[in-house]
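# Coordinates in review
Here are the chains, one letter per residue:
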Amino acid sequence: MKICMIHGQNHVGTTCRIGRGVARALGGEVTEFFLPRDFGDFCVGCGNCFTKSEDKCPHFQKLRTITGAMDAADVLIFTSPVYVYHVTGAMKAFLDHYGWQWLIHRPKPAYFHKQAVLIATAAGGGTKSALQDMTDSMYYWGVPRVYKMSFNVHALTPGGVDDRTKKMINREIARTAARVRADAGRGRGLTPKQRALFEVMRKLHKKGVFPDIDNNYWREQGWI
C-alpha cells in the first residue's frame, strides 16, 4: 500500500502526529510533505491550467513531485489544524492548484479508486468547516472513499492534550485504519452522487461547452 501524506503546516504538531498514527496503522510505503515548506506558492489566477494545460501553470514544476506522489498513492492523507475555522492558508493554496483536475474538467481515472483520510484538529472549534475545505477537493477529484477525523483537543501543543483525549484519538486511528484496510483493493469507482455529476459533465463535454482542452481530454479517455 502506497500512502501520500500532506500536512497543512511545517511543524510536527498534534494533527501531524495523528496523520502519522494512521499511516503507521495502515503500514506500507509513506511519502510525506509539509506545507508550505515543500510547496508554498499561491495560485495567481492566470487560468492557464483551465484553458491551456496544467503544465502551463507557473508552479507546475514545483508541484511535480507532490503530484506524482499523489497519483501513485493508494491512500491520500491530508492533515490540517484549524486556522480561523478553516484549513491553513498553505493547505488552501495547495488545493487551489488542482482545480483543473476536478470532475468538471480533466479528472484522473486513477483517483476513482483511491481512498482518502482527512484529519483536522482544533484547540477550540471549526473542525467541521476545515474538513469540508478538504472534502470538496476529494469529492471533485473523484475520490470515492473519504474518511474524516476531527478532534477538538483543547490544546495548542501535543503535550497539552489530556490522556482521555489521547485515548479517544488512538481508538479513532485504529478504527479508521481498519476501515481503510477493509476497503483496499476492492476497485470501487465513483459514488452514485459523483457518477451523476460525471454523467452531466459527459453531456456538456459532448456539446463542446467547455474549453477544447477539456473536451478533447474526455474524448481521449473514451468518455464521449
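The preceding data block contains the structure.
None of these values were measured; they are calculated from a predicted model.

About the thresholds
- Residues numbered from 1 in each chain as written.
- Predicted model: local features only at pLDDT ≥ 70, side-chain atom pairs only at ≥ 80, totals over all residues.
- Heavy atoms only, no water.
- Pairing = 2+ DSSP bridges.
- Helix = DSSP H or I, 4+ residues; strand = E, 2+ residues; numbered from the N terminus.
- Axes fitted to C-alpha atoms, helices over the stretch in contact; angles between N-to-C directions.
- Contact = heavy atoms within 4.5 Å.
- Phe/Tyr/Trp six-rings, centres within 6.5 Å; stacked < 30°, edge-to-face > 60°.
- Buried < 20%, exposed > 50% of the residue type's maximum accessible area, 1.4 Å probe, protein only.
- Lys NZ or Arg CZ within 6 Å of the ring centre and 35° of its normal.
- Expected span 1.5 Å × (residues − 1).
- Arc of directions from axis to C-beta.
- Polar contact = N/O pair within 3.5 Å; in protein donor to acceptor, adjacent residues only side chain to side chain.

## What to know about the sheet that holds strand β4 (residues 115–122)
- With parallel pairing, the 5 strands of this open sheet are ordered in space as β2-β1-β3-β4-β5. Looking at the sheet topology across the chains shown, the edges are occupied by β2 (29–34) and β5 (145–152). Across the sheet, the axes of successive neighbouring strands diverge by a mean angle of 15 degrees, strand direction being ignored.
- Note: strand β1 (residues 2–7) against strand β3 (residues 75–81), 5 bridges, orientation parallel. Bridge pairing in β3 places Ile6 opposite Phe78.
- Contacts between helix α4 (residues 89–96) and the sheet are confined to β1 and β3, with β3 contributing the most and set at about 140 degrees to the helix.

## Some words on the packing of aromatic side chains
- Counted according to the given criterion, the structure contains 13 aromatic pairs.
- Measuring from ring centre to ring centre gives 6.2 Å for Phe78 and Trp141, while their planes differ by 65 degrees; the resulting arrangement is edge-to-face. You can see Phe78 sitting in strand β3 and its partner Trp141 sitting in helix α5 (residues 127–141), a full 63 residues away along the chain. Each of the two residues, Phe78 as well as Trp141, counts as buried.
- Of the aromatic side chains, those joined through ring pairs into one cluster are Phe39, Phe78, Phe94, Tyr98, Tyr111 and Trp141.
- It is Lys114 that lies over the ring of Tyr111; its NZ or CZ is 4.9 Å from the centre.
- Over the ring of Tyr139 we find Lys193; its NZ or CZ atom is 5.5 Å from the centre of that ring.

## Some words on helix α6 (residues 163–183)
- In a regular helix each residue adds 1.5 Å, so 21 residues correspond to 30 Å; α6 covers 31 Å between its end C-alpha atoms and thus fits that length.
- Thr165, Ile169, Ile173, Thr176, Ala177, Val180 and Asp183 are the residues of α6 that are buried. Buried residues of α6, seen end-on, are gathered within an arc of 130 degrees and therefore sit on one face of the element. Structural note: α6 exposes Asp163, Arg164, Lys167 and Arg171 on the side pointing more than 90 degrees away from its buried face.
- Lining the buried residues of α6 we find α1 (14–26), β3, β4 and β5.
- At the N-terminal end of α6, a side-chain oxygen is found 3.2 Å from the backbone nitrogen of Arg164, two or three residues along, and the residue is Asp162.
- Just downstream of α6 lies Gly185, where phi reads positive at about 75 degrees.

## Observations concerning unusual backbone geometry
- A cis amide bond links Leu35 to the next residue, Pro36, at an omega of 10 degrees.
- Within the secondary structure, Pro36 is located in the loop between β2 and α2 (48–51).
- A positive phi angle, near 70 degrees, is found at Tyr85, a position not held by glycine.
- Relative to the helices and strands, Tyr85 is located in the loop between β3 and α4.
- We note that His154 has phi near 55 degrees; this positive angle belongs to a residue other than glycine.
- For His154, a relative accessible area of 59% gives the class exposed.

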